[in-house]
Amino acid sequence: MLNVSDVALSFGGIRALDSVGFTVATDEICGLIGPNGAGKTSIFNCITRIYQPDSGSITYGDTDLLTVPRHKIVREGIARTFQNLALWPQQSVLENTIIGAHSSSTPGLLASAVGWPASRKAAKQVERDAWDLLELLGLTDLASHPAAGLPFGTLKRVELARALISRPTLLLLDEPAGGLTHAEVDELGDLILELRRELGFSALLVEHHMGMVMRICDHVVAMDFGRTIADGLPDDVKRDPAVVSAYLGTAA
């Protein structure tokens, strides 16, 4: 489904990515791990066209993503969450969710301005979809509440709803468990698995909580200093000497 091949990216004299390559298969959750600065978020930003790689290829199905304008990536079936929450604090939970459908479902400017029947019908469908997602995520009681002031764990679920309303076939999750308690991390892992069963998507997960990664991921890719150092089943990657040395560490 997603094929990243020999991707290189530099910022001045800094080599952020150096011949990175991996795949994410249909209906798979792939974990992307590594120490801070390994290049994980840089890969996300290349996939979603925020960064333009110096070389290499990124394809999604039959589509060359490096030829797709960044504002059209979501139309290719790719959505993402952000390491730092990308919500509008004064907008309600429902409104923040609906905003996520803008690029994929919103009628054109003229149709929206005139209020044509097709435009009104599309808006009502998006709102119904938003309510369905909020119910799935246990957020219906907070639908009218502004995002500002809500607990951090709740805001993470709102961010998930915002990404999922575009009906992605590939979901990029950038440290979704960051800042959560151990109990919340376990709940989030269960939620991601449930959402995959209910909605049917693949996922690329950047995460530092190794317990969650090893429990929910079908395969794991490890990075260090902008390179791929291991790629395989979770248990195999966890025992890989290069991964232990670079990231997981050994017993004292």
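Residues numbered from 1 in each chain as written. Predicted model: local features only at pLDDT ≥ 70, side-chain atom pairs only at ≥ 80, totals over all residues. Heavy atoms only, no water.

Going by what an unreviewed UniProt entry lists, the protein chain is known as ABC transporter ATP-binding protein and is assigned to Aeromicrobium alkaliterrae.

S.K.: Please provide a residue-by-residue account of empty space enclosed by the protein, values included.
M.R.: All chains considered together, the criterion is met by one cavity of 30 Å³ or more. Volume-wise, the largest cavity comes out at about 50 Å³. Every residue lining the largest cavity is listed: Thr 81, Phe 82, Lys 156, Glu 159, Leu 160, Leu 173, Pro 176 and Leu 188. Ranked by the residues each element gives to the lining of the largest cavity, the list is headed by helix α6 (residues 152-164), at three residues. Here the residues of the lining of the largest cavity sort into five nonpolar, one polar and two charged. (1 Å grid on protein atoms, 1.4 Å probe; cavity = no way out; pocket = protein on both sides within 12 Å on 5 of 7 lines; lining within 4 Å. Points joined across faces, edges and corners; volume = space filled by probe spheres on them. Helix = DSSP H or I, 4+ residues; strand = E, 2+ residues; numbered from the N terminus. Nonpolar A, V, L, I, M, F, W, Y, C, P; charged D, E, K, R; others polar.)

S.K.: Can you tell me about α6, naming the residues and giving the values?
M.R.: Residues three or four positions apart in an α-helix share a direction because the helix packs 3.6 residues into each turn. With 13 residues, α6 extends 19 Å from end C-alpha to end C-alpha; this agrees with the ideal 18 Å at 1.5 Å per step. The buried count for α6 comes to 11 of 13 residues, which makes it a mostly enclosed element. Looking at α6, one finds that the buried residues are Gly 153, Thr 154, Leu 155, Lys 156, Val 158, Glu 159, Leu 160, Ala 161, Arg 162, Ala 163 and Leu 164. (Expected span 1.5 Å × (residues − 1). Buried < 20%, exposed > 50% of the residue type's maximum accessible area, 1.4 Å probe, protein only.)

S.K.: Describe the pattern of salt bridges, naming the residues involved and giving the relevant values.
M.R.: Per the stated rule, a full pass over the model turns up nine salt bridges. Residue Asp 18 is joined to Arg 227 by a salt bridge in which the shortest nitrogen-to-oxygen separation is 2.9 Å. One end of the pair, Asp 18, is in strand β2 (residues 14-24); the other, Arg 227, is in strand β10 (residues 227-232), with 209 residues separating them in the sequence. Exposure remark for Asp 18: the relative accessible area of 17% places this residue in the buried category. A salt bridge links Asp 235 to Lys 238; the shortest N-O distance between them is 3.7 Å. You can see Asp 235 and its partner Lys 238 sitting in helix α9 (residues 234-239), three residues apart, about one turn around the helix. Salt bridges sharing partners connect three or more residues here, namely Arg 15, Asp 18 and Arg 227. (Salt bridge = Lys/Arg side-chain N within 4 Å of Asp/Glu carboxyl O.)

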